[in-house]
Amino acid sequence: MLLMVLFGMACSSTTASDSSKTSNEGTGSGPNWSSSGGAISPGVINTGGVMAGGGQPVTPPEVEQTLSFMTPQAGGKYVYVANPTRDTVAIIDSITLAITEVTPGDGPTYLATVPGKDIALVINAGSGTLSILRDKVVAQASLPVVKSANAIAIAPDGVHAVVWFDASRASGKTLTGSIQDVSLVNLTAGAESSYTLTVGFQPSSVVFSNDNQAAFVITKDGISKLVFAAIQGDAIAPLVRMTLANPIASKPDAGAIDSGMGTDSGMMVDSGLFLDGGLIVDGGIEAGLEVDASPVATSIGSIPIDVSVTRNGRYAVARREGSGEIILVDLESKVVRTKELPGILTDLDLWHSGSKETDPVYVFAVLRNKGSLVRLTIPDSFSANGTTESWNYPQETIGSVSIGEAGKFAILYTTALAVPRILVLPLQTVSIEPLVVTLQKSIRAVALAPDEKTALILHTKAPGNASAPGLSLEEQLDRSYGYSVVNLTGGIAKLQLTPAMPDPFVMTPDSTQAFVLLRDDASNVRIAERISLSSFKAMDFPLGSPPNGIGTLSAASGRVFVSQIHSEGRISFIDWNHDKVETVTGFALNGRIRQ
Amino acid sequence: MKYLALVACLPLVCLGCAENGDSPMKGSKGNLALQTIELGDRIAFVDTSQERVFVVDPGESQLVAKHFATHRSPLQAEKRLGKNQLLVLSAGQLEEDGEQAQPTRLTLYDPIMGNSPVSLDLPGRFTRFAQSSDGKFAILYYGESNTVSGGGGLYNPNDLAVVDWDKGMVHTRSIGSLGSKPREIVFSPRTTLFGRERTLAVVLASNYLTLFEVDAQADGIVRTVITIPLAPGGKNVMPQKILFDMERPAIFVLAEGSDDIFQISLDATTATSKGNDFRASLTLIGVGAVPSDAAFYGPTSDQKLLVVSPRQQQIVAINPSTGQSTFIPAPIAVDRVYVFKGKSPRDSKVEDRAFLVNQSARLSTVMFADLATIENAPSLAVESWTISSAVGEVTLLSQGLALLTQKNTNSQGEISLVNLEDRTFPPIESGGRIVNTWVETGARDRLWTTSDNRRLNYVDLVNPDKAALVTGEVVLDSVPSMLIPLPKASSDGHRYLVVGKTNSSNSPSFGDITILDADAPTRKTARSLKGFLLTDSLERGQP
């Protein structure tokens, strides 16, 4: 599963983010879930395989990317910018550019907004508290949150939030205390509260059930389940393990996966968590002490990655790097099942075939070295006689799969090898042949527009100067930055070369535009480039300072904001309907205007 | 007509300019300062020592000085902008033994209409006033370096009095202070803003600005003042120059102590019972060094800004829409920019272009910039020329000309005419030592000089048929230190030139002026009025 994007801040703004990292580990960013894994921006792009000593081709893992945003964070009308050095948050009206400065607490640093609403949460790093901002007002006295908290995930309905310490963003700080705590915050106006819950080791992301009644904290130990209604105080959250101590080797079925038959019956295990006297709160399903069940396990080794949770919160799926094993966890019964596929899994993604509770949910798995896409039904494919469906593309190289929010298409491609092709597979008529789209450059990341009619493909750049003399056109293209826009139904692709790496980007909620930021300080490139998703025409908006973040406001506002590096704080708003740019600089000074 | 005095000692009012310093009339009774102010077709002299105004109409066959008393202790006198009327601010007097207190007054004299002066008793002992460019408003304030006459009483230096001459109203306005007090007040052009015709006032103070709508109060509309801090990161910032872009609308501020241009954008908002119907937001646009000058260019609906600083060898083009600054390398550092519309030797299109000089360093290299292409092809858009003399003052003339003159006129050959389109620099030389220089613009573009051999010389700088320069000469009785061409023809159909000597401590004058025909000056038709400051002195008591 790769890169779920990003139709504006509405998607990503649920998570506080102030840093970026490169990872090939999953961040749990499923199509229907708010990722909490933080910003992952491009790192080293692998453009080709290498040969191992034995002559077997060793290809690097697929590169997972979640292009996210630095501060500021967008609400519906306002943009919120934390300024820890001044102990303030600047609130910028995207229409009038009026700035209000508020002082929520000591060192407001990590900030997140409720999607589409002018509600922001900010962690005051200096005091270890959380402040709630409603419109332009600090709602009430700040709430205590877990020590060193640096991450926020907000439920889509904006009623609950989970605040935790994400060790991946620790930025060299000395760790003290526990990194197994999260704060569950009730954001209900007038009834705000915060409870501390013990979860598995090193939480990395949080997802919410689609009824907004529960959160699932992805940790190294497994998944901790927070059922909001059952939590009335500090407690230990029940943990469903995905890694067990005593493995029982699973045996892949000899059947070919392209037969459509299952390959292996899942091994069942109650991975219940042994809790020594702690209070377990689990939505009333189970409470009290639990005893670890028989140690029947699936495997050991690497930690599960690509963890996704179904919308109803019933199941979680994951994989392990370098393994063919898919893990299915029943979050209610705590039963873990696995399915061993005959090859190394390089990506997973969930697909909800409909919005009803009874509509089947599938997981798509990619086996790059087999050139196969495998579909498993949850949970049936993991039963003893469960079957799978598979599609083989022996002439193609696929390692990643991206499925959009609406689930119209699965996009198959690879970021690990220099293969400039994508396969577009309609999911509702999955038996038909995929549309193969040939691109001009290899792929760094793929993003789907909200309406899933178009995709934005970010390309890799080969080392070297594109303007060096004597290069062929192909070499110049390889050495250039760029992206492509692809019409997913017609297969038309347009390459746009850029003077700098296009990163990050957003797509507008109405699917009419995409924006990419182009920044190269050495060459003084400071551009927000807009791409019409109907005509594929690109238009540049020069910026006054190097851009460092972009996000969309509500569709009604019709505006994208671009934050820029400036000692006094600078942000530009681009009206995508009227091609108008307005810039405001000096957040602190603006906040002190008396009018 | 607009004229510029190029002699430092000449106490002329620079019309249309924001006042930067204190009035030359600063001080109280007994000061020898005599201020000269043209009032269209006649001339006024404000004698602070006598507390009296003298007005001479050169169109009258018999030259006489009509006179009337000012109120006590005149502090500042100016022509009312846009009118041929005189404004005099008088300090009045505190109550003393045997003398009643007199309020501070602003008096409007209309010598042409001959009406009785209109005096406004002011609600404070203000020491300065500023005017809107149309003369509709005046704002009284306590100038930063002025102290209230007499030294008595407590006052709030952030109180203002706003005079609406059309409505005949004076109302007070107290502005917020962020620790300083008003240093200068400038007015926006009168314009329709957010559906209402209005004039904005900007009060400059150390580290902040105050902005308010001037006419709202007279119209019975409550508006709050907007206070805008300008000191990022604790810098000490002194606003120096204000540019209004009323189309955007936005106000641009150049400030000493800041490497940024401050852009104050105004946006409509819902008016509240106590608030404004617009909001101000601030944007800082980096220009690399403390700017000394800036000018707009481009279409009115989307003006850009060209900014210069003597501290860097580059000029900066700013796009206010994006806050983007484009830095253009320049062969010299410049401190003044003059934008004009015209052709260039390489381009026959009439476009916005700039003439750039360094006056403070008196460099002899000047630059031109083609502003239409400066952002896309900066290296091609800028070219420099070295001329024969160092650049002092620059006066833009009509028909694509400019005049370069020197403050220091001891040497010859330091006056050059610049053809901005051809980019040629014909020098203007004199056979004698030039003592004083004046450039007249408006009714005609003419350079006036005086030499130490009592000769008044002139040259018409703009010659429609581009023939040889038209020159002339008049021998005077003495070398004048004051020269004022009147912009308006008198009742006899002639436009006059007034020359004379101003008072100084070294050579006190009783009022000696010579009147010449401004268009065809000759000694033969010249008339003199001597000792007019003593007019009716016996009848009115001590001179």
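How each quantity is defined
Residue positions within a chain follow its written sequence, with the count starting from 1. Chains carry letters and ligands carry numbers; both start at the beginning, A for chains and 1 for ligands, and go up in the order they are written. Where totals are concerned, whole chains, interfaces and linings use all residues; where local detail is concerned, this predicted model gives features only for residues with pLDDT of at least 70, and gives and counts side-chain atom pairs only at 80 or more. For the side-chain quantities, the full set of heavy atoms in the structure was used; hydrogens and water were omitted. Any carboxyl oxygen of Asp or Glu within 4 Å of a side-chain nitrogen of Lys or Arg constitutes a salt bridge here. A 1.4 Å probe rolled over the protein chains alone gives each residue an accessible area, and that area as a share of the maximum for its type sets the label: buried under 20%, exposed over 50%, partly exposed in between. The way it works is that DSSP assigns letters per residue, a run of H or I at least four long becomes a helix, a run of E at least two long becomes a strand, and they are numbered from the N terminus. Think of pLDDT as the predictor's per-residue confidence, scored from 0 to 100. By definition, residues are in contact when any of their heavy atoms lie within 4.5 Å. Note on pairing: DSSP must find at least two bridges between two strands before they are called paired. Only the contacting stretch of a helix is used when fitting its axis, a line to C-alpha atoms as for every element, and angles between N-to-C directions run 0 to 180 degrees. Any two rings among Phe, Tyr and Trp, with Trp reduced to its six-membered ring, count as a pair given centres within 6.5 Å; such a pair is stacked if its planes are under 30 degrees apart, edge-to-face if over 60, and tilted if neither.

## Notes on the pattern of salt bridges
Residues and elements named next belong to chain B.
Moving on, step 1. For the structure on display, the rule yields 48 salt bridges over all chains.
Moving on, step 2. The shortest N-O distance in the salt bridge between Lys66 and Glu60 comes to 3.5 Å.
Moving on, step 3. Residue Glu60 is classed as partly exposed on the basis of its relative accessible area, which comes to 23%.
Moving on, step 4. With a closest N to O distance of 2.9 Å, Arg495 and Asp519 form a salt bridge. Here Arg495, found in the loop between strand E40 (482-485) and strand E41 (496-500), pairs with Asp519, found in the loop between strand E42 (512-517) and strand E43 (527-530); they are 24 residues apart in sequence, far enough to count as distant.
Moving on, step 5. Judged by relative accessible area, which is 33%, Asp519 ranks as partly exposed.

## Comments concerning the confidence of the model for chain B
Moving on, step 1. For chain B, per-residue confidence averages 84 on the pLDDT scale, and 86% of positions sit at 70 or higher.
Moving on, step 2. The low-confidence segment residues 1-32 of chain B (pLDDT under 50) makes 86 contacts with residues lying over four places distant or belonging to another chain.

## Some words on the sheet that holds strand E11 (residues 137-141) of chain B
Residue and element names in this part refer to chain B.
Moving on, step 1. Across the sheet, which stays open at both edges, the four strands sit in the order E10-E11-E12-E13 with antiparallel pairing between neighbours. Where the open sheet ends on each side, the last strands, each with one partner, are strand E10 (128-131) and strand E13 (169-174). Shown here is a sheet whose adjacent strand axes are inclined to one another by a mean of 25°, direction ignored.
Moving on, step 2. Looking at chain direction, E10 and E11 are connected through four bridges and run antiparallel. Following the sheet pairing, Arg128 is matched in E11 by Tyr141.

## Digging into the sheet that holds strand E18 (residues 208-213) of chain B
Residues and elements named next belong to chain B.
Moving on, step 1. If you walk across this open sheet you meet the four strands as E14-E17-E18-E19, and the pairing is antiparallel. At either margin of the open sheet sits one strand with a lone partner, and together these are strand E14 (184-187) and strand E19 (226-229). Geometrically, the sheet is characterised by an average inter-axis angle of 20° between neighbouring strands, direction not taken into account.
Moving on, step 2. Taken together, the four bridges between E14 and strand E17 (residues 200-205) define a ladder with antiparallel strand orientation.

## As for the environment of Val81(A)
Residues and elements named next belong to chain A.
Moving on, step 1. Checked against the element boundaries, Val81 lands in strand E6 (residues 78-83).
Moving on, step 2. A relative accessible area of 9% means that Val81 is categorised as buried.
Moving on, step 3. Along the chain, Val81 and Glu101 lie 20 residues apart, while their C-alpha atoms are 9.4 Å from each other.

## Section: the packing of aromatic side chains
All names here are of chain B.
Moving on, step 1. Overall, the coordinates contain 15 aromatic pairs over all chains when judged by the stated rule.
Moving on, step 2. Ring centres of Phe194 and Phe278 lie 6.2 Å apart, and the angle between their planes is 25°; on these two criteria the pair is classed as stacked. With Phe194 in the loop between strand E15 (191-193) and strand E16 (196-198) and Phe278 in strand E23 (residues 278-286), this residue pair connects regions lying 84 residues apart in the sequence.
Moving on, step 3. Classification of Phe194 by relative accessible area gives partly exposed; the value is 31%.
Moving on, step 4. Ring centres of Phe368 and Phe425 lie 6.2 Å apart, and the angle between their planes is 45°; on these two criteria the pair is classed as tilted. Of this pair, Phe368 sits in strand E30 (residues 365-370) while Phe425 sits in the loop between strand E34 (415-419) and strand E35 (427-428), and the two are 57 residues apart along the sequence.
Moving on, step 5. In this structure Phe368 comes out as buried when scored by relative accessible area, which is 0%.
Moving on, step 6. Take Phe425: its relative accessible area is 18%, and that puts it in the buried class.

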